[in-house]
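Inside the fold
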Protein chains: 4
Amino acid sequence: MCRFLAYCGEPVLLESLVSTPCHSLIEQSMHASEAKTETNGDGFGVGWYSERSEPGRYCEVRPAWSDENLQSICSHVRSHLFFAHVRAATGTAVSRANCHPFKAGRFLFMHNGQVGDWCHLRRRVEAMIPDHLYASRTGTTDSEAIFLTALGRGLEEDSVGAFQSVLHDIRDEMTASGIRSPLRFTATWTDGERVWAVRWASDNKPPSLYWRNSDNGLIVVSEPVDAQRDSWRLVPNGGGLVARVGGAPEAFTFH
Amino acid sequence: MCRFLAYCGEPVLLESLVSTPCHSLIEQSMHASEAKTETNGDGFGVGWYSERSEPGRYCEVRPAWSDENLQSICSHVRSHLFFAHVRAATGTAVSRANCHPFKAGRFLFMHNGQVGDWCHLRRRVEAMIPDHLYASRTGTTDSEAIFLTALGRGLEEDSVGAFQSVLHDIRDEMTASGIRSPLRFTATWTDGERVWAVRWASDNKPPSLYWRNSDNGLIVVSEPVDAQRDSWRLVPNGGGLVARVGGAPEAFTFH
Amino acid sequence: MCRFLAYCGEPVLLESLVSTPCHSLIEQSMHASEAKTETNGDGFGVGWYSERSEPGRYCEVRPAWSDENLQSICSHVRSHLFFAHVRAATGTAVSRANCHPFKAGRFLFMHNGQVGDWCHLRRRVEAMIPDHLYASRTGTTDSEAIFLTALGRGLEEDSVGAFQSVLHDIRDEMTASGIRSPLRFTATWTDGERVWAVRWASDNKPPSLYWRNSDNGLIVVSEPVDAQRDSWRLVPNGGGLVARVGGAPEAFTFH
Amino acid sequence: MCRFLAYCGEPVLLESLVSTPCHSLIEQSMHASEAKTETNGDGFGVGWYSERSEPGRYCEVRPAWSDENLQSICSHVRSHLFFAHVRAATGTAVSRANCHPFKAGRFLFMHNGQVGDWCHLRRRVEAMIPDHLYASRTGTTDSEAIFLTALGRGLEEDSVGAFQSVLHDIRDEMTASGIRSPLRFTATWTDGERVWAVRWASDNKPPSLYWRNSDNGLIVVSEPVDAQRDSWRLVPNGGGLVARVGGAPEAFTFH
């Protein structure tokens, strides 16, 4: 399990969400409240959009809580759209290549959840990645494999449909293999203009997902970053939302 | 606060204490039971004696729980005398130079505790380090400064007296500076032949320290590494013990 | 291109070859003489056998020349059979998962060379890895993929034949794909009892490979570690050698 | 010896100097042309000013040439004033705390050179650091000690005078201690509004220092980052220059 955060709206310093709030993402790296694992110390990453269509990215294998570089970057980078993630590894190595957010072209992707019995299923999911994206497979996580496969299924045109298609196929593979552990997919992704977030699991127990409209923009989080819990809305199991930078989020169903 | 472990006796694989037991030191790096901070993920170190008088050392800034190198070293290095430490930083940077055990010549030293208001006192304590040892000061911790100062006060002849002398002087400096936060010193050190362990604090609240005679030798720990709690004996506040490899530990008072 | 070193014979400290000689492997990490790239600073690794059938391993993404841990391990680990490698990356990431020697069960493997146009061929070579070894694929190098595939083709029974079979298939794939850049394979591997080393390339330009019988045992290197160049023998292009710990090396052809 | 680069002028992406030019600073990390050591692989750092008075900073112990984070930051951070440095360690550890540029308040500082026989002189130079800056001493380099001492001698009012005063005192200490190896100081620093660069050595052999006015601003480098060598001007031994962002550089003497 992991914790993540996405923002789009008026340009703000990354620190305003990543490190400053009382229950900021960096605080969650040491003391998550709503995760199975309180400690999310197996690496971290931030991705942000600036003047280019492709995002910048900084990730490291150390815990977020002690990384001075992360603090400095968050204090000096202002962005209208950024992602941040602290990782709790579930079976795969702690390496930069396994850190979220994953990046491909102008897309960023973060995942909280897992493909049950991944080490048995990995080969079959990797086989779904199209040839032209295979060189982009740098790590060993289920998350990156899902992302690259979705990219190959039209993430640019119909991103929700692309992920649904991938998840259905993985679920079919799991069923065919007799795997009973669940497929859980609480995730968020962006093409640099819109942000999507979804919450779904084959066992109806997806990790939590909240959102809020702040004065400046939309915030999507694994768990609230501040004490104003009433101001956060839970994304329902089987639900999702999408928003343009500066626009109102729209809900949709995801299954 | 930190967690540590020392062993001397029949040569055993490091893993038998560092990683195999149910509440091993690596397990304590994620879930310490008796420490102020449950997570000890700010680096770690192991030091061991082999055929040389000077010990070997491996330390890293990552958490112990995810480091494959540590697992491999612990599975393949057998030693009659070794130290291991997982760190929870209290104000100083996470760096190799700040990882315990500290090493100087044939000595190893580990500390759990702190000098209150260290950032104000640091200069005065570093001034106590003798010239010929000053080049060995590679980090910024209170622990390393205490160790090097004690080395300069006769660690080779009277190691208990050397540390007592240093702690008294630091306490005097704290008093002179009006520092009210405590000086806590639960520590263990070795010259490669004997192991000392002490538990003391200016506020009578030193971190915990336990020991046990196993079938193979003496084990000294911050907290028990297994579920047989009855088999572990608590070192009293203001107490210490010393043992030769293969010999019975002797208790002493430390104040 | 990379530089490597293998030893088997009387137990010696790793430092006697890895760090002490005038042109030791650590020296070669900064100043290789016979490699295309003088600098081999993209990570390193050592693997050694002790009392277990499976070897220990320490690898890191930093250059070998500045790593205090490596120095300390080499000064304190004594082994009858060990491998060491300094890496110059050729297109794949600098990560622990891409460091040699690779380990699987009781085997170690190191490679100096490359599969031409690897990023296009990778998928097809990974497809050759058998299912039961696929979870062991942790990095993205051609070297690790060759090793795991060879493991699946009987490395335990006929290790030379297993590697030949893999290389022939890769060469066929390269031909079928119209890849003209060469397949080069200067490599060494061990099962903990015997050490094999081979030198071969599809363009007859394999990286260099030398060996020597010292007073204590057999040393196999990318380039001599000392100034006594006359004492080293070059393995011919298309040649190989195999030796048991303590036994005389036997030459064979490899193509 | 090290290689560095400073820029002030129109806001540009860091990559335009750090990674894009044919002999960029990242290229110099592997193949410096005018340095004693061709390889500058002992860590690196970048510091940049954005909307705050204090600069941001990213540094790491790995070589610059293989760090994806550095590439990404340089491709996405645009600044009117930034510093970058690749390190070749001369006796002190490879650690983040020893990476340039050093930062204190709104100042950045980079140094290429060394205090002869530093390990003997260190204590006396550290003693020159004033109390209120001593907690900022995080590493063990001569460079950081010089910087903090100069800060304590009026860097804000007369920065050239402050450094001259420190260097004179260090030189006196060296003379008093009978140290014959030289004191070399090719350096650049900034308060966020002006950039200073100087070139001086006690043996008249300071490391090289060049500058150029580009279309966008002033560039100061250890060695030219492109092939247009005629466009670069060498700072004379015993000379310096200072420039405001957007202003013309003025020369001065430094001794």
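Along each chain, residues carry numbers from 1 onward, in the same order as the chain's sequence is written. The lettering of chains begins at A and the numbering of ligands begins at 1, in the order of writing. The model is predicted, so local features are restricted to residues of pLDDT at least 70 and side-chain atom pairs to those at 80 or more, both for listing and for counting; the totals for chains, interfaces and linings are taken over all residues. Side-chain metrics in this entry use all non-hydrogen atoms of the structure; hydrogen atoms and water are not considered.

1. Quick word on the overall build of chain A
Within chain A, the regular secondary structure consists of seven helices and 13 strands. Relative to the 2.2 N^0.38 estimate, which gives 18 Å for 255 residues, the radius of gyration of chain A is 17 Å and therefore close to what a compact globule would have. Reported as C-alpha extents along the three principal axes, the dimensions of chain A are approximately 45 × 35 × 35 Å. Burial here depends on accessible area, computed with a 1.4 Å probe over protein chains only, as a share of the maximum for the residue type. Under 20% is buried, over 50% is exposed, and the range in between is partly exposed. Burial status across chain A gives 65% buried among its 255 residues. Only heavy atoms enter the contact rule, under which two residues are in contact if any of them lie within 4.5 Å. Expressed as a percentage of contacts within chain A between residues at least 6 apart in sequence, the contacts between residues at least 24 apart total 64%. Computed with a 1.4 Å probe, the accessible areas rest on the Shrake-Rupley method; for each residue, only the protein chains presented here act as cover. Total accessible area on chain A stands at roughly 8900 Å², and carbon and sulfur atoms take up 46% of it. Within chain A, the 30 negative side-chain charges are centred at a point lying 4 Å from the centre of the 25 positive side-chain charges. By the criteria applied, helices consist of DSSP H or I runs no shorter than four residues and strands consist of E runs no shorter than two, each listed in order from the N terminus. Here the globule rule reads 2.2 Å times residues to the power 0.38, and the radius of gyration is calculated from C-alpha atoms. For the purpose of charge, His is not counted, nor are the chain termini; Lys and Arg are scored as positive and Asp and Glu as negative. For charged residues, the charge sits on one atom: NZ in Lys, CZ in Arg, CG in Asp, CD in Glu.

2. Overview of empty space enclosed by the protein
Grid points spaced at 1 Å and placed over the protein atoms alone form the basis of the search, with a cavity being a set where a 1.4 Å probe fits but cannot get out and a pocket an open set showing protein on both sides within 12 Å along at least five of seven lines. Lining residues have an atom within 4 Å of a point. Grid points are joined across faces, edges and corners, and a volume is the space filled by probe spheres set on the points. In the structure shown here, the tally under the stated rule is six cavities of 30 Å³ or more. By volume, the largest cavity is sized at about 100 Å³. Contributions of two or more residues to the lining of the largest cavity are made by β6 (107-115) and α6 (142-151) of chain A. Per-class residue counts for the lining of the largest cavity are four nonpolar, seven polar and two charged. Taken as a whole, the second largest cavity holds about 50 Å³ of empty space. Along its surface, the second largest cavity is lined by 14 residues, and Arg 122 and Gly 139 of chain B together with Arg 122, Glu 126 and Gly 139 of chain D are the ones closest to its centre. At the level of secondary structure, the elements contributing two or more residues to the lining of the second largest cavity comprise α4 (118-126) of chain B together with α4 (118-126) of chain D. Residue composition of the lining of the second largest cavity, grouped by class: two nonpolar, six polar and six charged. Polar here means any residue outside two lists: the nonpolar Ala, Val, Leu, Ile, Met, Phe, Trp, Tyr, Cys and Pro, and the charged Asp, Glu, Lys and Arg; Gly therefore counts as polar.

3. Re unusual backbone geometry
In the segment running from His 100 of chain B into Pro 101 of chain B, the intervening peptide bond is cis, with an omega of -5 degrees. Looking at the secondary structure, you find Pro 101 of chain B in the loop between β4 (78-86) and β5 (102-104). Look at Asn 204 of chain A: it is not a glycine, yet its phi comes out positive at around 60 degrees. Its location among the elements puts Asn 204 of chain A in the loop between β8 (194-201) and β9 (210-213). With a relative accessible area of 57%, Asn 204 of chain A lands in the exposed category.

4. Here we look at the pairing of strand β13 (residues 250-253) of chain D
Between any two strands, pairing holds if DSSP finds at least two bridges. The pairing of strand β12 (residues 239-244) of chain D with β13 of chain D spans four bridges and is classified as antiparallel. Within β13 of chain D, the residue paired with Leu 241 of chain D across the bridge is Ala 251 of chain D.

5. Some remarks on the sheet that holds strand β5 (residues 102-104) of chain C
All names here are of chain C. Strand order in the open sheet made by the six strands is β5-β6-β7-β8-β12-β13, with antiparallel pairing throughout. Edge positions in the open sheet fall to β5 and β13 (250-253), since each of these has one partner strand only. Across the sheet, the axes of successive neighbouring strands diverge by a mean angle of 20 degrees, strand direction being ignored. As paired elements, strand β8 (residues 194-201) and strand β12 (residues 239-244) share six bridges and run antiparallel to each other. In this description, a line fitted to the C-alpha atoms serves as the axis of each element, helices being fitted only across the stretch in contact, and the angle between N-to-C directions of two axes falls anywhere from 0 to 180 degrees.

6. A word on the interface of chain B and chain A
The interface of chain B with chain A comprises 13 residues on the first partner and 13 residues on the second. Each partner contributes to the roughly 940 Å² buried at the junction of chain B and chain A, and carbon and sulfur atoms together form 53% of this total. Once two parts are put together, the accessible area they lose, assessed with a 1.4 Å probe and summed over both, is termed the buried area. When residues of chain B are sorted by the area they lose upon contact with chain A, Thr 39, Arg 62 and Val 94 of chain B head the list and together hold 40% of the total. When a carboxyl oxygen of Asp or Glu is within 4 Å of a side-chain nitrogen of Lys or Arg, the pair counts as a salt bridge. In this assembly, chain B and chain A are joined by zero salt bridges.

7. So, the interface of chain D and chain A
Taken together, the 25 residues of chain D in the interface contact 25 residues of chain A. Buried area between chain D and chain A, both sides added, is near 1900 Å², and the carbon and sulfur share of it is 36%. Here chain D is connected to chain A by eight salt bridges. Measuring nitrogen to oxygen at the nearest pair gives 2.6 Å for the salt bridge that ties Glu 15 of chain D to Arg 52 of chain A. Polar contact is the term for a pair of N or O atoms within 3.5 Å; when the atoms are in protein, one must be able to donate a hydrogen and the other to accept it, and sequence-neighboring residues count only if both atoms are side-chain atoms. Connecting chain D to chain A are 22 residue pairs in polar contact (both at pLDDT 80 or more). Listing elements by their share of the side of chain D that touches chain A, those giving two or more residues are β3 (56-60) and α3 (68-76) of chain D. When residues in the side of chain D that touches chain A are grouped by element, the largest group, six residues, is from α3 of chain D. A per-class count over the side of chain D that touches chain A returns seven nonpolar, six polar and twelve charged.

8. Overview of the relation of the copies chain D and chain A
C-alpha atoms of residues with pLDDT of at least 70 in both copies form the basis for the least-squares superposition of the copies. Rotating chain D by 180 degrees and moving it 0.0 Å along the rotation axis overlays it on chain A with an RMSD of 0.0 Å. Expressed as an axis order, the relation between the two copies is that of a two-fold axis. No C-alpha of chain D lies nearer the rotation axis than that of Val 77 of chain D, which sits 3.9 Å from it. The fraction of interface residues of chain D whose copies in chain A are also interface residues reaches 100%, indicating that both copies meet through the same surface.

9. Observations regarding the side chain of Ser 222 of chain B
Residues and elements named next belong to chain B. For Ser 222, the position within the fold is in the loop between β10 (217-221) and β11 (233-234). Of the polar contacts made by the side chain of Ser 222, one reaches the backbone nitrogen of Phe 4; its length is 2.8 Å. Other than its neighbours up to four places away in sequence, Ser 222 contacts Cys 2, Arg 3, Phe 4, Asn 112, Ser 208, Leu 209 and Tyr 210.

10. Observations concerning the nonpolar core
Among soluble globular proteins, nonpolar side chains are generally buried collectively. Counting 108 residues, the largest nonpolar core has Phe 82 of chain A, Phe 82 of chain B, Phe 82 of chain C together with Phe 82 of chain D as its most contacted members. Membership of the second largest hydrophobic core comes to 74 residues, among which are Phe 252 of chain B together with Phe 102, Phe 163 and Phe 185 of chain D. To qualify as a nonpolar core, a set must consist of buried Ala, Val, Leu, Ile, Met, Phe, Trp, Tyr and Cys residues joined through side-chain atoms within 4.5 Å.

11. Some details on the packing of helix α6 (residues 142-151) of chain B against helix α7 (residues 159-176) of chain B
All names here are of chain B. Between α6 and α7, the shortest axis-to-axis distance is 8 Å and the interhelical angle comes to 125 degrees. Taken together, the axes of α6 and α7 lie oblique to each other. The chirality of how α6 crosses α7 is right-handed. Contacts from Ile 146, Phe 147, Thr 149 and Ala 150 in α6 reach Ala 162, Phe 163, Val 166, Leu 167 and Ile 170 in α7. When grouped by side-chain class, the residues that make up the contact of α6 with α7 number eight nonpolar, one polar and no charged. Note on terminology: angles under 35 degrees are roughly parallel, angles over 145 are roughly antiparallel, angles of 65 to 115 are roughly perpendicular, and the others are oblique. By definition, turning the near helix anticlockwise from the far helix through less than a right angle yields a left-handed crossing, and turning it clockwise yields a right-handed one.

12. Observations regarding the packing of aromatic side chains
Working definition: an aromatic ring pair is given by the centre-to-centre distance plus the angle between the planes. Between rings of Phe, Tyr and Trp, where Trp is taken as its six-membered ring, a pair exists when centres lie within 6.5 Å; planes separated by under 30 degrees are stacked, by over 60 edge-to-face, and by other angles tilted. Within the structure shown, the criterion is met by 38 aromatic pairs over all chains. When the ring of Phe 163 of chain B is compared with that of Trp 189 of chain B, the centres are 4.3 Å apart and the planes differ by 45 degrees; the resulting orientation is tilted. Here Phe 163 of chain B is found in helix α7, whereas its partner Trp 189 of chain B is found in strand β7 (residues 183-190), with 26 residues between them in sequence. The two residues Phe 163 of chain B and Trp 189 of chain B agree in class, both being buried. Summarising the aromatic geometry, the rings of Phe 185 of chain B and Phe 254 of chain B are spaced 6.2 Å apart at their centres and angled 20 degrees between planes, so their arrangement reads as stacked. Taken together, the residues span a long stretch of sequence, with Phe 185 of chain B in strand β7 and Phe 254 of chain B in the segment after β13 (250-253) at a distance of 69 residues. One exposure class covers both Phe 185 of chain B and Phe 254 of chain B, and it is buried. Members of the aromatic cluster, joined through ring pairs, are Phe 109, Phe 147, Phe 163, Phe 185, Trp 189, Trp 196 and Phe 254 of chain A.

13. Regarding the relation of the copies chain B and chain A
Least-squares fitting of chain B to chain A yields an RMSD of 0.0 Å, with the superposition described by an axial translation of 0.0 Å and a rotation of 180 degrees. Interface overlap between copies: 100% of the residues of chain B at the interface are likewise at the interface in chain A, consistent with a symmetric, same-surface contact.

14. Observations concerning the pattern of salt bridges
Here the structure, examined in full by the defined rule, presents 72 salt bridges over all chains. A salt bridge links Arg 122 of chain D to Glu 126 of chain D; its shortest N-O distance comes to 3.0 Å. On the criterion of helical spacing, the pair formed by Arg 122 of chain D and Glu 126 of chain D is a turn pair, its members being four residues apart in helix α4. Each member of the pair, Arg 122 of chain D as well as Glu 126 of chain D, carries the same accessibility label: buried. In this structure, a network of salt bridges that share partners links the residues Glu 60 and Arg 96 of chain A together with Asp 67 and Glu 68 of chain D.

15. As for the sheet that holds strand β1 (residues 2-13) of chain C
The antiparallel open sheet is built from seven strands, whose spatial order is β3-β2-β4-β1-β10-β9-β11 (chain C). The open sheet has two edge strands, β3 (56-60) and β11 (233-234) of chain C, and neither has a second partner. Relative to strand β10 (residues 217-221) of chain C, β1 of chain C runs antiparallel, the two sharing five bridges. What sits directly across from Cys 8 of chain C, in β10 of chain C, is Leu 218 of chain C. Relative to the sheet, helix α3 (residues 68-76) of chain B contacts β2 (44-48) and β3 of chain C, its axis offset from that of β3 of chain C by approximately 150 degrees.

So, to be careful, I would describe these as geometric facts and stop short of saying anything about function.
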